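Structural characterization, general
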Amino acid sequence: MATADWNPLGDVYYRKCELYAMEWCGLVDLAKHSVAVSTYGGPIALMKDESKLSRVVTNVKPVVSVYNAGGRLQSQMRWNSGNVITMGWSSTEELLCIQEDGVVLVYDMFLTFKRTFSMGQEAKDVKIIDAKVFSSFQGTGIAVITTSLRIFVVSNVDSPRIVRLAEVPGLNEPPSCWSIVVTDRQARALVALGSDLFLVDQGGQYQQMQADLSEDAGPISGMAVSFNSKFLALCTQQGALWIGSSDLQRKYCEFNTKSTVCPQQLVWCGNGAVVALWDRLILIVGPDKDWIRYNMDCSVFLVQEEDGLRIIGNDTHEFLQKVPAVTEQIFKIGSMEPGAMLFEASKEFQKRNQKADEYVRMIKDKLDTAVNQCIQAAGHEIEPSKQRMLLRAASFGKCFLTDYRPEPFVNMCQMLRVLNQVRHHSVGMPLTYTQLEHLSMPVLIDRLVMRKLFGLAVRICQYLKVPDAEGRSRILAHWACFKVQQKNEDEDKLARAISQKLMDVPGVSFSEIASQALEYGRKQLAVKLLDYEARASEQVPLLLKMGQDQTALTKAIDSGDTDLVYTVLLHLRDKKQNSGDFFMMIRTMPIACSLYIQYSRQQNLKLVEDLYYQEDNSLEEGNCKILRSYTVDHIEERAKILEEATNCFHRCKNEFAVKQTDEQVKLMRIQRRLEDDSGRSYADLSLQATLHQLILEGNATWVEKLRKDFKVPEKRFWILKINALAYGEDWVELEKFSRSKKPPVGIDVFVNGCMKYGNRLEAMKYLSRVSPDQKVRCLVKVGLYKEAAEAAIEMKNEDDFSYVLSRLGSADRQVAEQVRAMRGQLGARR
Amino acid sequence: MDLQELSKLLKTQLAHLLVSFPDAKDVVLDPDLMKPLDRVAGITFLKEHGVSKIFKLEPGKKSLQGCGKRVYLVRPRLVTMKYIADHINTEIAKGERRSYKIVMVPRKLHVCEMILESEGVMGHITIDEFPLELFPLDSDLLSLELPEFFTSFYLDNDTTWLHTVSSSLVNLQRLFGRAPNVYAIGKGAKMVYELMETMFETHKDRKDKTFHIGQIFIVDRDIDYVSLLCSPMTYEALLDESFGINCGMIDFDGEVTGDGKGAKMLLTSQDEIYTQIRDCHFSQMFSYMRDTAKKLQELENKKNNLQSVGDMKNFVGNDLKVLKQQQKLLTTHISASEAILKMKGKTDFEDFIRAEHNLLEGVENKENMTYIEECIQKQFSPILTLRLMCLASLTQEGLTQREYKALKTQFLHSHGFEHLVTMFRLKKLGLLTEQEVSQSSMRLGTAKVPGISVKKSNYRALNRKLGLVPNSEDINLQQPTSLSYVFSGAYTPVPCKLVEQILTRDTLIGLEDVGRMCGGLYADVKTKSQGISMPGPGNPAMKVILVFFLGGCTFSEITALRLVAKLHGFKIIVATTAITTSSRFIESLVEKVHR
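Residues numbered from 1 in each chain as written. Chains lettered and ligands numbered in written order. Predicted model: local features only at pLDDT ≥ 70, side-chain atom pairs only at ≥ 80, totals over all residues. Heavy atoms only, no water.

In plain terms, the rule: UniProt positions are given in the numbering used here, feature names are shortened, and annotations may be inferred rather than shown by experiment.
Chain B carries the name Vacuolar protein sorting-associated protein 33B in an unreviewed UniProt entry, which gives Elysia crispata as its organism. In its Sequence similarities (unreviewed entry) section, UniProt records this for chain B: "Belongs to the STXBP/unc-18/SEC1 family."

As annotated in an unreviewed UniProt entry, chain A is Vacuolar protein sorting-associated protein 16 homolog from Elysia crispata. Its UniProt record gives chain A the following Sequence similarities (unreviewed entry) comment, quoted word for word: "Belongs to the VPS16 family." Quoted verbatim from the Function (unreviewed entry) field of UniProt, the annotation for chain A is "Plays a role in vesicle-mediated protein trafficking to lysosomal compartments including the endocytic membrane transport and autophagic pathways. Believed to act as a core component of the putative HOPS and CORVET endosomal tethering complexes."

**Let's talk about the sheet that holds strand 10 (residues 113-118) of chain A**
All names here are of chain A. What counts here: Two strands make a pair as long as DSSP finds a minimum of two bridges between them. What counts as a helix is a DSSP run of H or I of at least four residues, what counts as a strand is a run of E of at least two, and both are numbered from the N terminus. Structural elements are reduced to axes, namely lines fitted to C-alpha atoms, with helices fitted over the stretch in contact, and the angle between N-to-C directions of any two is expressed from 0 to 180 degrees.
Across the sheet, which stays open at both edges, the four strands sit in the order 7-8-9-10 with antiparallel pairing between neighbours. Both outer strands of the open sheet, strand 7 (84-89) and strand 10, are each paired with one neighbouring strand and no more. Each adjacent strand pair in this sheet contributes to an overall mean axis angle of 20 degrees, direction not counted. Pairing between strand 8 (residues 95-99) and strand 9 (residues 103-107): four bridges, direction antiparallel. Bridge pairing in strand 9 links Leu95 to Tyr107.

**Description of the domain arrangement of chain A**
Here is the rule: Domain extents, as shown, originate in an automatic or database domain assignment.
By the assigned domains, chain A splits into domain 1 (325-404), domain 2 (405-466), domain 3 (476-534), domain 4 (548-599) and domain 5 (771-830). Its C-alpha centre places domain 1 of chain A at a distance of 74 Å from the equivalent point of domain 4 of chain A.

**What to know about the nonpolar core**
So the rule is basically this: Definition of nonpolar core: a set of buried residues of the types Ala, Val, Leu, Ile, Met, Phe, Trp, Tyr and Cys, connected through side-chain atoms within 4.5 Å. A simple rule labels every residue: compare its accessible area, found with a 1.4 Å probe on the protein chains alone, to the largest value its type can have, and call it buried under 20%, exposed over 50%, or partly exposed in between. Any two residues whose heavy atoms approach within 4.5 Å at even a single point are treated as in contact.
Counting 164 residues, the largest nonpolar core has B:Phe130, B:Phe217, B:Leu239, B:Leu431 and B:Tyr491 as its most contacted members. The element contributing the most residues to this core is helix 17 (residues 382-395) of chain B, with eight residues. Non-local contacts of B:Leu239, meaning those with residues more than four positions away in its chain, are made with B:Gly244, B:Ile245, B:Ile250, B:Phe252, B:Leu267, B:Tyr274, B:Ala336 and B:Ile340. Core analysis: the next-biggest nonpolar cluster, separate from the first, contains 125 residues, A:Tyr433, A:Val505, A:Ala556 and A:Val565 among them.

**What about the packing of aromatic side chains?**
The geometry of an aromatic ring pair is captured by two quantities: the separation of the ring centres and the angle between the planes. Applicable threshold: Only Phe, Tyr and Trp rings are paired, with Trp represented by its six-membered ring, and only when their centres lie within 6.5 Å; those with planes under 30 degrees apart are stacked, over 60 edge-to-face, the remainder tilted. Think of it as a cone above the ring: NZ of Lys or CZ of Arg counts as a charge over the ring if it is within 6 Å of the ring centre and within 35 degrees of the ring normal.
Per the stated rule, a full pass over the model turns up 36 aromatic pairs over all chains. Note on A:Phe331 and A:Phe343: the rings are 5.2 Å apart at their centroids and 75 degrees apart in plane angle, and the pair reads as edge-to-face. Of the two residues, A:Phe331 sits in helix 2 (residues 325-331) while A:Phe343 sits in helix 3 (residues 338-350), which places them twelve residues apart along the sequence. Each member of the pair, A:Phe331 as well as A:Phe343, carries the same accessibility label: buried. Aromatic pair A:Phe396 and A:Phe400: ring centres 5.3 Å apart, planes at 85 degrees, arrangement edge-to-face. The exposure class assigned to A:Phe396 is buried, which follows from its relative accessible area of 10%. Given the relative accessible area of 44%, A:Phe400 is considered partly exposed. Through pairs of rings, three or more aromatic residues link up here, namely B:Phe149, B:Phe150, B:Phe153, B:Tyr154, B:Tyr225 and B:Phe585. Between A:Lys666 and the ring centre of A:Phe710, over which it is positioned, the NZ or CZ distance is 4.9 Å.

Shown next as structure tokens:
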């Protein structure tokens, strides 16, 4: 009978089924341990409890052991820190050990120490008397109460921030019981003082509350908050059990247990019933005063779950839950629900009985409901054989439906396969379907990885077709990180093994694995692993961290990402004390070199010179010196730098540069002298500009001297002087100059010079002396288009004539007409 | 495919960036980023995303006014970081409370963070990046607007921006599909290609095989400096040379617009008239414009023959507006052309062009040298003079020792000693060299020095192989069939010629020598392209080609590529690190000392 183990509680049923026969059977006596169990089928931590032990007080440190839910030992260690008040598990399955001095030590489930934090100075100074681990909206929180009767709360153990709660007025001895209530994203403490309750919060406010207890109930001695924080159960010294809402606004019932002994554990079973434990007696009380009692063979420990209660004993691990509605609908005796009928039909069908058809006909219209009920009910069964029966019924019903969507059925089959796998005693995670839905598949996979069940995790991912990036790749990366911690394995072998597994897996970060290896002090392995990393941006920083400077630099350069090269270069520069060493290191790498030079050029020119000096690149060194000379104001200082530059140019045998630099120094000194003489500045003028200014000033001696000293070619000098004179409008001098000797330039230069500075009349003076081949152009220049055209015709020069035509744009319209008309003459005369 | 997709993507990214720094904020812009940002997003877009004031980052200012939140949008340069640190430190000293965000464009660099850290402002700022890489300037033109790429990569061997180029190509292909065929011409191009491949490898994500760009050419600037130095002859190139086109925008002064106020104008294919004339040889422009004017006139005449009220309504509603707009555009273009003519008239333009063309043809060497000397003597602008000097050196594969020294001396005497450094730079790039004389002490000296290898010009051989200077005198300027029309038939830009050759021949066989002369010709061909010789159906995306110029290109080259596309039925998209002209190119190499 499917309902054999059902017990009615009011109008619902509760059932208890065995999950595991404990592997620790015969080895562990729970009565002698303090116990902490992680929810959602998590591991069990035990610590030998001195107070529960014999009278002989020993100084032996207790042993902490972690078992999986099936009672298989996972790991064990001797506790050698302070006195542990409370143990608890975080939502990420880390073991939290809260010591008397408020220090919290965090371990993973293999008892590897992870981190520690303190509950504050006050807790440390005055010690704590009790601590609670609770699930907050951010994860897992811890609350402690100190001997000074103050409560401190940390809402998230991953980023501990200590908050002091308001003080309870009139509290001068440790409260008989207290609890944490999480509502509105805030953790508040509910403290019992006599028959009064105080709710204290983080804002320093307290709220006195009255539970609606009968008069003779006596002071409150125990309390339990339901899994969803919505309900509260209280028990009193006189044996009253009060059930209501956690804000004390509603009271469901008050049940008299007639026991003046305080229960060992008061917990909720799901959110529907309160369970009290006295040594070997379990009493389940519903909100309507209904009750069930179970007698146990040995002392047990109760664990509150989302949808039930786990009862852990010395031999067995059992699960108590309210029979889910859908299960009840199918299996309840005499149920006429479609699901029940379908289940019957399926059973008859297997017996080859025609009744099957009858049953199906009865529920023809509600067949889809029936199928859904069977699928749902299968999910709530723990026994695979029952699951199978229900699924078979669902599948049978499905045959009669034409447009039934197969997804719910397929999904349930998949989920159940996964659940059955993780419930197996070798894994030991007794999850229910409801719990898995809440936990979600990715978290389950994470938890498997945390248990180092990599193979199973990968298989599940592949079975569920989880994308590689979230599934397989991630798990293999974790596997590799775990692998590198195994110190006894040969490094070469390890590196090979890891790379073989991971090479073709997309999205695996070898650098992460390498950094893990580095953390465990396996540098060589890390270097080997890093070789497989494709992304240089991940590789290089780690190589630097490992001190593999040369490799880092090479990899950075190979990547073509200059930013990485700079990262390495600047790191090296800061690391190497001696800049010489640094230069030596990079000089063999031209890219690194030129990048560093670029960087230095913007920072400090002098440094660049040093670099080039190191490199024996005298030419560039000289160039830098020239550039630097312009940043100096003082002439002599500048000359000095330029002389240094000359030396550089000497070294690289660049005579041209030597000569030019020498001349520049000479010019600068002359300019200085001129400035001293005349008080006018010549600084920064080129030779040409200096001459120009001197001519304007009429300083003939110096003009002559400069001309000779710097060997200014005749022609250039003439053009220069003509332009300078014209610019200074010294027409007389210009005229004189034109007749001083036979000019090495054409007279047209004079014409141009005059015209440039707008003196047409002066320009005309030179026209007669212009050589014939320049005549036309000069005439055009001064605007005598007609004459120019005539001259062109005279010389029968077609090109010149076209030139005149092309320039007619700015001519007088009448003249232009005349010139155009002359085109014929050119042809005629030819 | 539509290049505007890129703009949209950038806009989304920018909006996200601004929104992630909530509330009202001021934006301080790097002057370099003003125009690009204007093209990508525009002021109103910024205002819509919570920007209250926009400042220009200026070196002199020690602090700025404004509200409690500030975003710096800057290039990752060390000096810029120092300015910002100055701002922050001064303002903190004054007791002003503000939160700062520094957004580096196109990506954040470690060195910059180091500077900020050493200046002690890391605690006050958050750092982010805005991947403003390639963005569209026109329907067939993308630019990184990184003019410093040229000097930084070719002159200083700084490979920083190569990463940006590669990543821009990767991102472009993420958007438009991975191009099956890639050609890399030149050393830098090969590096970009390799970097690009690595990036694809480390971020395998897209399995999608569809692509909208069939072939990508990556071309090194240093395979052809000559085309950079030639005087532009087509309208768009001339506009750029005369007025400067910045991010597709041009600033006309009052003289051009005629109203004395000047005007900004956007030059894209959306301007119908401009599309018609942008690629015209200058000599043909006026006839084009005359035709257009006539057409407009006809349209205008329509108003005299309006028969009914309906016609009239139609005319006023549609035609009139278009007419007015077109008339205005045409007027502007005509006056711009006149302005160009006037500017050319002021200088010795004909002589200059004659010298240039003679140099390209390799004739009348003596006269050419005399002309260059005259340029110095007559104190022409040093940029123009250097242009001719470099052209002479390139075309003759080095000047003779005597000419080299004489010209340099004269130049230094005239324009200042600091140009000694300029000369070194030109030499390092192989722009201004002397002819190989083995016993020359100077070459011996430099040959030993690592990092300085003077690139030798191989103009003559390349010219012979590719026929860069066409023999026939009569180049059709009106209906051009030869790419050389962009320089009045005097020269064909090598990159454009090579692209044309590879595309039409569909093979690299026969181009080995040319490849060697260009520093390597590398092809990664996954899909045999449908050569024009082979008719039949093929993936139309194979006819879409992206040509990426490393180190900038000129509008003349863009025009030449447009002709390639037109002649052979391709769609060519030009991408470049920046658009340059011969003057801007030389100017970037000239030493400007701060006096």
